[in-house]
Amino acid sequence: MAKLNFGGVEENVVTRDEFPLAKAQEVLKDEVVAVIGYGVQGPGQALNQKENGVNVIVGQRKNSKSWDKAVSDGFVPGETLFDIEEALQRGTIICYLLSDAAQIQLWPTVKKHLTPGKALYFSHGFGITYNEQTGIVPPKDVDVFLVAPKGSGTSLRRMFLQGRGLNSSYAIFQDATGRAYERVVALGIAIGSGYLFETDFRKEVFSDLTGERGTLMGAIQGIFAAQYQVLRSKGHSPSESFNETVEELTQSLMPLVAENGMDWMYANCSTTAQRGALDWWKKFRDATLPVFTDLYESVAAGKEAAKSIESNSKPDYREKLEVELAELRDSEMWRAGKTVRSLRPENQEPAAEENQEAFVEAVI
Ligand SMILES: NC(=O)c1ccc[n+]([C@@H]2O[C@H](COP(=O)([O-])OP(=O)(O)OC[C@H]3O[C@@H](n4cnc5c(N)ncnc54)[C@H](O)[C@@H]3O)[C@@H](O)[C@H]2O)c1
Ligand SMILES: CC(C)(O)[C@@H](O)C(=O)O
Ligand SMILES: [Mg+2]
Ligand SMILES: [Mg+2]
């Protein structure tokens, strides 16, 4: 394992140089990897493994949209696609990729098939860390580990197809066979990770829940909404407000941050912009610090897990989520965004004009 220096702190990292795909294939050659669940992570992880030469099968409820998707992705019923219980029985490594709430419901069935020497794989520390709420307590004679891609399953698949790799964390909770390390790292490489950094189950779930509620998803929408509201209330048009809040960030400035860091993005903006950003960023940090602290405490106390379990275990949770997503989609800001996206030259097609017209009608 390589030790790399991250801003002055040494950490364990597994790279593809050190653990190439051929080594992963060798480690996994006698395994049957059963991917249980074919939602967002399931397809990315299953297809990448399959194309990386791993013996992978999918377990999914029959008569579901995800079952049909697995078929159209090339998994063959009775050969590489089975109902969940049969896949659990056939698999030597169980990749538990149902939604975190569904993992609770199905746990008694999964547990039944965890015979000695098998491995239980997660992509989140949720089920194990919050086991008082989930009831997920694996038998002692199986390996238990995780590989958590740091991004959407959609990105995992897209980056794989582009010859790139999404980074993932990995953690071992239980090493019953003495092979947990090589198994988890081999899986991490096989699903298409660019590299793997070490964590534990608790840290993975605490950081992940904080990140998605914070800067990655919750905070970013909150900051967008606040700035957009101020600009609109001061008489700026939707197109100007959206461009100055979202479009410029995603299309122009974030790619520069991704490439070479914040100071480099700043250095590629005017000295006027740099002066202002350097003056204001600490005010934003100080204003949001208490919110982030509350958020972390809520995560660490298990309150965020409880809320997710409670709402996502209801039979109509998909419909309820869809109502809330529609609220975002139907807000003026994101309707303006739809028009703005349609105007990108690469998206120019006749439909763009319809969008423009629809938006003009809706806003004026
Ligand atoms: N979505 C992501 O990109 C992402 C990223 C990193 C980690 N993760 C983690 O990966 C795991 C899987 O997440 P996901 O977002 O892919 O899940 P998901 O919400 O897309 O659901 C996965 C599958 O669960 C099935 N399912 C739902 N309820 C069920 C039930 N009661 N019985 C049987 N099947 C049921 C669905 O049909 C679907 O195929 C979770 O632990 C999640 O936290 C997800
Ligand atoms: C893709 C995310 C936000 O990183 C993941 O954590 C999830 O839960 O979907
Ligand atoms: Mg998450
Ligand atoms: Mg995440």
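The name recorded for the protein in an unreviewed UniProt entry is Ketol-acid reductoisomerase, from Segetibacter aerophilus. Quoted verbatim from the Sequence similarities (unreviewed entry) heading of the UniProt record, the comment on the protein is "Belongs to the ketol-acid reductoisomerase family." As stated in UniProt under Cofactor (unreviewed entry), the record for the protein gives "Mg(2+)".

This part takes up the site of ligand 1. Around ligand 1 there are 23 residues in total, and Gln 41, Asp 100, Gln 105, His 124 and Gly 153 lie nearest to it. Interatomic distance of 3.0 Å between a backbone N/O atom of Tyr 38 and an oxygen atom of ligand 1. Val 40 places a polar main-chain atom, nitrogen or oxygen, 3.1 Å from an oxygen atom of ligand 1. Out of a free accessible area of 830 Å², ligand 1 has 83% covered by protein chains. Ranked by the residues each element gives to the shell around ligand 1, the list is headed by helix α5 (residues 100-112), at 4 residues.

Quick look at the coordination of the magnesium ion (ligand 3) now. Looking at the magnesium ion (ligand 3), one finds its protein donor set to be Asp 208 (OD) and Glu 212 (OE), positioned 2.0 Å from the metal centre. Accessibility expressed as a relative area gives 19% for Asp 208, which makes it buried.

This brings us to the UniProt feature "binding site: Mg(2+) 2" (unreviewed entry) in the protein. The positions UniProt marks with the feature "binding site: Mg(2+) 2" (unreviewed entry) are Asp 208, Glu 244 and Glu 248. Taking the farthest pair of C-alpha atoms as the criterion, the annotated set spanning 41 residues is dispersed, since that pair is 28.7 Å apart. Looking at where Asp 208 falls in the secondary structure, it is placed in helix α10 (residues 201-213). Contact partners of Asp 208, with chain neighbours within four places excluded, come to His 124 and Lys 150. Residue position: Glu 248 is located in helix α12 (residues 238-260).

Calculation criteria
Residues numbered from 1 in each chain as written. Chains lettered and ligands numbered in written order. Predicted model: local features only at pLDDT ≥ 70, side-chain atom pairs only at ≥ 80, totals over all residues. Heavy atoms only, no water. UniProt positions renumbered as here; feature names shortened; annotations may be inferred. Near = heavy atom within 4 Å. Polar contact = N/O pair within 3.5 Å; in protein donor to acceptor, adjacent residues only side chain to side chain. Areas by Shrake-Rupley, 256 points an atom, 1.4 Å probe, with all protein chains shown as cover. Helix = DSSP H or I, 4+ residues; strand = E, 2+ residues; numbered from the N terminus. Donors = N, O, S within 2.8 Å, 3.2 Å for Na, K, Ca; no water. Buried < 20%, exposed > 50% of the residue type's maximum accessible area, 1.4 Å probe, protein only. Contact = heavy atoms within 4.5 Å.

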